[in-house]
Amino acid sequence: MTTKNNNVFSITPIGGLGQIGSNMTLVSGQEESVIIDCGILFPNEDSFGVNYIIPSLEILKEHEPKHLIITHGHEDHIGAVSHILSEFPSIKVWSSPFSSELIKRKLSRDKLNKKIEIFKEKENIEFSEFSVTPIHTNHSIPETHGLLFKFKSKKVCFLLISDFKFDNQTPYEPPMDLEFIKKEVEPFEKRLLLVDSTNIKSRNTKTFSEADIIPTVESIIKNNKKRIFFTLFPSNIFRQKTILNASKKFKRNVIPYGKSVENYLQTAIDTKLIEESTSHIKSAKSIDCDSDKNIIIISGCQGDFKGALRRVAVGEDAYFKIKKDDLFIFSSSPIPGNEKKVSQIINKIYEAGGEVITNSDLLIHSSGHAGKEDLKIIYEAFSPTDIIPIHGESYLLNHHKKFIEEAYPKAKSHLMYNFDNLVIKNNLEVKVYKNDPIENIFIHGKGIPLDKDAFRQRRKIASMGVVFISLKIDTLNRKKITQKIDFLGVPQIIDQYKEKLENLVNNHFNKNKIRSFEKTEENLKIEVRKMCNQFLGYKPQVLIHFI
Ligand SMILES: [Zn+2]
């Protein structure tokens, strides 16, 4: 199913609006539908062990999309690719070479195989009603693209540029070609811009260049003849490159450490994004880890529980033990919500004798997202008739809308959230239809969805603990029932009351006839929970098992 007959096309964000993560957008024309990106959302601490979260894919099934186009290789843009492919095995996937390598590695971990179509910057991908032109932009991972959709009627186009910054100084990639954008969009009467809201509240209205970080890294390495740990977003290949180059310049060894850092670095080497000699890159297994010559690039800058940095900070790592004077550089910033985890690690590093430098001490991190001044540049280049803030939590989308009204009143701004439907009608009127959000899917273990009931049970078990009661059926009519009571996650003091609980079970069966096991189970649960509440002040979960 595609968009209604009196519309040119419609845009439906499936994820990424009203949240940071799981970016996914459905573009639906008269004849065909295309998905842009398929990201995951990282779970917070209350998610009880799930690996990640993806949006509901139900709505996609109605539209039978034949193509998936990837803007860049961040997890919040490619992380759900295996789920999309399982649902739509014949879908054609388009991406840049580096992103395609990241996708392939992900698919091979999930035992899937798929040919990825490689697009080139500024070369049209042709569809029947429209063409899509990938336009290179700077960001915090190589080969990031905005996607320009040009409808063949020549009347309407839109540019989706979800993650971007302007960086005219970086030595690693060219800046975005604004002249190209101006020329491309000129013939179109209606021009819609869907654009990044991440840094709309940032005090830096102009985002720093990746080049601004190079002198800081060099001076840290030059002036500190001690062991230095750099932690960063592992996908930031350019930052890794800056550290590699500076280490070589000052004759230091580099040890990439942690699965994520090692994977991204290897992918960058394999795809020739890093072509310089790598003879100073060593493995922790092959060197004296205590040496002050070592520069370690380490995973876990967000305080991740399983990250290498946390392992080192709490003294649980097999290779690196913190020693006095070790220097830890956080070449990153905490993603909103991770501040506490990061500060816990910083405290642990100090307690173990190390020292920490963060972005608030020195210019050691530049964001991958545009500040307000950068946004104005893209507004001017694209000259939109309509702007839709995307990529951000609800308060950021709202602030972005307000900013558009002040900074670029020529364009109409439209506020959208996930599953709303933006429609371009044949008369080029833009309309946003509100829709109710559809609940996310929690993924755990081997990519398995955790249904809502199971998630709810986990929450209850985690917060209250469980009382397990096993009852032997053929003893239920006796005065003394054969029973076993066990506890999990309940304070040990409950053992004192075990006998009282056993008596309660006995009395229940002595007083009540069993009409149905279901009803009996329900009533007994209520009584046990009530009694536990008297002892503990809260009601644990109760599980009754008839054997
Ligand atoms: Zn990104």
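Quick caveat: nothing in here was measured; it's all calculated off a predicted structure. Along each chain, residues carry numbers from 1 onward, in the same order as the chain's sequence is written. Under the rules for a predicted model, residues below a pLDDT of 70 receive no local features and side-chain atom pairs below 80 are neither given nor counted, while totals for whole chains, interfaces and linings still include all residues. Only hydrogens and water are removed before side-chain values are computed, so all heavy atoms of the structure are retained for them.

1. With respect to the packing of aromatic side chains
Here comes step 1: Side-chain rings of Phe, Tyr and Trp, where Trp is taken by its six-membered ring, are said to pair if the distance between their centres is within 6.5 Å; with planes under 30 degrees apart they count as stacked, over 60 as edge-to-face, and otherwise as tilted. Under the definition given, this model contains 18 aromatic pairs.
Here comes step 2: Consider the rings of Phe 164 and Phe 166, whose centres lie 5.6 Å apart with planes at 90°: the pair is edge-to-face. In this structure, Phe 164 and Phe 166 share a single accessibility class: buried.
Here comes step 3: A ring pair is formed by Tyr 379 and Phe 403, whose centres lie 6.2 Å apart and whose planes are at 45°; its orientation type is tilted. On the criterion of sequence distance, the pair formed by Tyr 379 in helix H11 (residues 372-382) and Phe 403 in helix H12 (residues 394-407) is long-range, its members being 24 residues apart.
Here comes step 4: Working definition: with a 1.4 Å probe on protein chains only, accessible area under 20% of the residue-type maximum means buried, over 50% means exposed, and in between means partly exposed. Here Tyr 379 falls in the buried class, since its relative accessible area comes to 0%.
Here comes step 5: By way of ring pairs, the aromatic residues Phe 9, Phe 127, Phe 130, Phe 149, Phe 151 and Phe 158 are connected into one cluster.
Here comes step 6: Two limits define a charge over a ring: the Lys NZ or Arg CZ must be within 6 Å of the ring centre, and within 35 degrees of the ring normal. Above the ring of Phe 180, the side-chain terminus of Lys 122 is found at 5.2 Å from the ring centroid. We count a stretch as a helix when DSSP gives it H or I for four or more residues in a row; a strand needs E for two or more, and each element gets its number in order from the N terminus.

2. Let's talk about the sheet that holds strand S25 (residues 483-488)
Here comes step 1: With respect to topology, three strands assemble into an open sheet ordered S25-S24-S26, the strand pairing being mixed. The open sheet has two edge strands, S25 and strand S26 (541-546), and neither has a second partner. Between one strand axis and the next, the sheet turns through 15° on average, direction left out of account.
Here comes step 2: As paired strands, strand S24 (residues 466-471) and S26 are joined by six bridges and run parallel to one another. By the bridge assignment, Ser 470 is partnered in S26 with His 545.
Here comes step 3: Against the sheet, helix H14 (residues 498-511) touches S24, S25 and S26, its axis set at about 135° to S25. A pair of strands is considered paired only if DSSP assigns at least 2 bridges between the two. In this description, a line fitted to the C-alpha atoms serves as the axis of each element, helices being fitted only across the stretch in contact, and the angle between N-to-C directions of two axes falls anywhere from 0 to 180 degrees. Note on contacts: a residue pair qualifies if any of its non-hydrogen atoms lie within 4.5 Å across the two residues.

3. Concerning the side chain of Asn 253
Here comes step 1: Relative to the helices and strands, Asn 253 resides in strand S14 (residues 253-257).
Here comes step 2: Those residues in contact with Asn 253 that sit more than four places away from it in its chain are His 280, Lys 282, Lys 293, Asn 294 and Ile 295.

4. Structural notes on the packing of H11 against H12
Here comes step 1: Close contact between H11 and H12 brings their axes to 12 Å; oriented N to C, the two are set at 60°. On the basis of the axis angle, H11 is oblique to H12. Where H11 crosses over H12, the two elements pack in a sense that is right-handed. Counting all contacts with H11, which are made through Lys 372, Leu 375, Lys 376 and Tyr 379, the residues of H12 involved are His 400, Phe 403, Ile 404 and Ala 407.
Here comes step 2: Here the term charged refers only to Asp, Glu, Lys and Arg, the term nonpolar to Ala, Val, Leu, Ile, Met, Phe, Trp, Tyr, Cys and Pro, and the term polar to all other amino acids, Gly among them. Counted by class, the contact of H11 with H12 contains five nonpolar, one polar and two charged residues. Each angle is binned into one of four classes, with values under 35 degrees roughly parallel, values over 145 roughly antiparallel, values of 65 to 115 roughly perpendicular, and all other values oblique. Two helices that cross are described as forming a left-handed crossing if the nearer one is turned anticlockwise from the farther one by less than a right angle, and a right-handed crossing if clockwise.

5. Structural notes on the sheet that holds strand S17 (residues 355-357)
Here comes step 1: Taking strand neighbours across the sheet as the criterion, the five strands line up as S14-S15-S13-S16-S17 in an open arrangement whose pairing is parallel. Every other strand in the sheet has two partners, leaving S14 and S17 as the edge strands with one partner each. Neighbour-to-neighbour, the strand axes of this sheet turn through a mean angle of 20°, independent of strand direction.
Here comes step 2: Where strand S13 (residues 228-232) lies against strand S16 (residues 327-331), five bridges are found, and the strand directions are parallel. What sits directly across from Phe 229, in S16, is Phe 328.
Here comes step 3: Here helix H6 (residues 214-223) sits on the sheet in contact with S13, strand S15 (294-298) and S16, set at roughly 160° to S13.

6. Side note on helix H10 (residues 339-351)
Here comes step 1: The length a helix should cover is 1.5 Å for every residue beyond the first. Across its 13 residues, H10 extends 18 Å between first and last C-alpha, which sits within 8% of the 18 Å expected from 1.5 Å per residue.
Here comes step 2: On its buried side, H10 packs onto helix H9 (308-313), S16 and S17.

7. Some words on the pairing of S14
Here comes step 1: The buried fraction of S14 amounts to five of the five residues, a majority that puts the element mostly inside the structure.
Here comes step 2: Every second residue of S14 is oriented toward a common face, with Asn 253, Ile 255 and Tyr 257 on one face and Val 254 and Pro 256 on the other, all of them buried.
Here comes step 3: Two elements, S14 and S15, share five bridges in a ladder whose sense is parallel. Paired with Ile 255 across the two strands is Ile 296, which belongs to S15.

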